[in-house]
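# Fold and geometry: a report
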Amino acid sequence: MTESPAAAAVLVAGSANLDFVVRAAHIPAPGETVLGRDFRTFPGGKGANQAVAAARAGGAPTRMLLALGDDAHARPLEDSLRAAGVSLDIRRQAALPTGVAFICLADGAENAITVAPGANAALAPDDLPALDGVGYLLLQLETPLDSVAAYAARAQAAGVRVVLNAAPAQALPEALLRLIDVLVVNEGELAMLVGDDGDLIAALARLPVPCAVVTLGAAGCMAREGEALHLQPAFPVEAVDTTGAGDTFCGALVAALARGDALPVALRDAAAASALACSALGAQSSVPARAQVQALLAGAGDAPGRAALAARCGLAA
Ligand code: ADP
């Protein structure tokens, strides 16, 4: 879809980290040292990954509010975002290092991640820029919670739709959840918010938001929109690195909603983009372009696995 002048912009407010990635046979257990193989750095951070995903999905201009240090790690993060077409609103923190993440990537595509937030921790409640032309604000939890809540409140008051990816998992005040239009969580994050009794539909119903999506890795996702439930199986791919799958899902989902797509169409787009993101290394570097997503969607029909996903969600297929 081409960008129309009237397309609502997506504003992402969140984290940017430089990812230091080592591949290894397995993730070390506590106290264990594992001899890894190749080492590479990749631009990452949930906010920046989601901004790149929204921009590459196309159709809606994408902006990002982020905080960076004044150091060598900041440059590749700015370059990656700009190359994807994201307009940047940078709060430069001279006294803090740019955020970094240490990622051990196991051969089975599992990962273990430690984040040092650095400058991200200084993103302040009054840092949100003017919201003119913004249709959707996309937030995550790698920046301070009081800032996330302040941005959500300002956006809601301005009539901007607020999407929260409640990751990494943490308990949230109900007052914050009540500001959210669309909540995106994985299973662990959902359990952290509303408990886990094995019933995903009941868990989604307990969230005080009009629309909630739970992503289920290679199984796909389920969404509750009001009273309606939508299932979207994952597209099968040979997964080499699932880092950034959830971020790609969120960015592609919000770009589709900002283009005016209905939720089931946006979920299918997000599933295709995130599947493709699993088949290449890195977070931002693995986010597919719109043309790749469209090619997968055109050739795929419905993703297989609907019956298995329905059973997992406690529904008849
Ligand atoms: P997170 O990375 O936040 O934990 P998930 O693992 O649930 O999120 O993945 C988010 C989405 O990415 C899934 O809903 C699915 O569409 C897609 N995805 C994840 N893993 C795979 C996979 N192995 N194959 C295909 N798609 C995947």
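In short, a report on the structure.

Rules used in this analysis
- Residues numbered from 1 in each chain as written.
- Predicted model: local features only at pLDDT ≥ 70, side-chain atom pairs only at ≥ 80, totals over all residues.
- Heavy atoms only, no water.
- Helix = DSSP H or I, 4+ residues; strand = E, 2+ residues; numbered from the N terminus.
- Contact = heavy atoms within 4.5 Å.
- Near = heavy atom within 4 Å.
- Polar contact = N/O pair within 3.5 Å; in protein donor to acceptor, adjacent residues only side chain to side chain.
- Areas by Shrake-Rupley, 256 points an atom, 1.4 Å probe, with all protein chains shown as cover.
- Buried < 20%, exposed > 50% of the residue type's maximum accessible area, 1.4 Å probe, protein only.
- Pairing = 2+ DSSP bridges.
- Axes fitted to C-alpha atoms, helices over the stretch in contact; angles between N-to-C directions.
- Core = buried A, V, L, I, M, F, W, Y, C linked by side-chain atoms within 4.5 Å.
- Phe/Tyr/Trp six-rings, centres within 6.5 Å; stacked < 30°, edge-to-face > 60°.

### Observations regarding the environment of Cys221
- By the element assignment, Cys221 lies in strand β12 (residues 220-225).
- Taking the C-alpha atoms as reference, Cys221 lies 7.3 Å from Ala234; in sequence the two are 13 residues apart.
- Beyond its immediate sequence surroundings of up to four residues, Cys221 is in contact with Val213, Val214, Thr215, Leu216, His230, Leu231, Gln232, Phe249, Leu267 and Leu309.

### Quick notes on the site of the ligand
- The local shell around the ligand holds 17 residues, among which Asn186, Thr215, Gly217, Gly220 and Phe235 are the closest.
- Gly217 is positioned such that a nitrogen or oxygen atom in its backbone is 2.8 Å from an oxygen atom of the ligand.
- Measuring from an oxygen atom of the ligand, one finds a backbone N or O atom of Gly246 at 3.3 Å.
- Across the complex, the protein chains shield 82% of the 550 Å² of accessible surface that the ligand would expose by itself.
- Taken together, the elements giving at least two residues each to the shell around the ligand come down to α7 (245-258) and α8 (263-278).
- Residue contributions to the shell around the ligand peak at four residues, all from α8.

### Digging into the pairing of β12
- Judged by how many residues are buried, β12 sits mostly within the fold: five of six residues are covered.
- The pairing of strand β11 (residues 211-215) with β12 spans five bridges and is antiparallel. Following the sheet pairing, Ala212 is matched in β12 by Arg224.
- Hairpin connection from β11 to β12: four residues lie between these consecutive antiparallel strands, with Gly217 at a positive phi of about 55°.
- Where β12 and strand β13 (residues 228-233) come together, six bridges link them in antiparallel fashion.

### Some words on the sheet that holds β13
- Across the sheet, nine strands lie side by side as β5-β4-β1-β8-β9-β10-β11-β12-β13; this open sheet has mixed pairing. Two strands bound the open sheet, and with one partner strand each, they are β5 (87-93) and β13. Strand-to-strand twist in this sheet, taken as the mean axis angle between neighbours without regard to direction, amounts to 15°.
- Running at roughly 115° to strand β10 (residues 182-186), helix α5 (residues 187-194) makes contact with β9 (161-165), β10 and β11 of the sheet.

### Some points on the side chain of Ser286
- As for its position among the elements, Ser286 is in the loop between α8 and α9 (290-300).
- A polar contact is formed between the side chain of Ser286 and the backbone oxygen of Ala277, at a distance of 3.1 Å.
- Apart from residues lying up to four places away in sequence, Ser286 is in contact with Thr243, Leu276, Ala277, Ala280 and Leu281.

### Some points on the nonpolar core
- If you look at the biggest cluster of nonpolar residues, it comprises 53 residues, and the most contacted ones within it are Met64, Leu81, Val184, Phe249, Leu253 and Leu267.
- Those residues within four positions of Leu253 in sequence are excluded, and the remaining contacts are Val184, Leu263, Ala266, Leu267 and Ala270.
- Of all hydrophobic cores here, the second largest spans 43 residues; its members include Leu65, Ala119, Leu190 and Val214.

### What about the packing of aromatic side chains?
- All told, the structure shown has two aromatic pairs when counted by the stated rule.
- Judged by centre distance (5.9 Å) and plane angle (20°), the ring pair of Phe20 and Phe39 falls under stacked. Taken together, the residues Phe20 in strand β2 (residues 17-24) and Phe39 in strand β3 (residues 39-44) connect sequence positions 19 residues apart.
- According to the relative accessible area criterion, Phe39 is partly exposed, its value standing at 48%.
- When the centroid spacing of 5.4 Å and the interplanar angle of 25° are considered together, the rings of Phe20 and Phe102 count as stacked. Of this pair, Phe20 sits in strand β2 while Phe102 sits in strand β6 (residues 99-106), placing them 82 residues apart in sequence.
- By relative accessible area, which is 47% here, Phe102 ends up partly exposed.
- Put simply, the rings of Phe20, Phe39 and Phe102 pair up and form one aromatic cluster.

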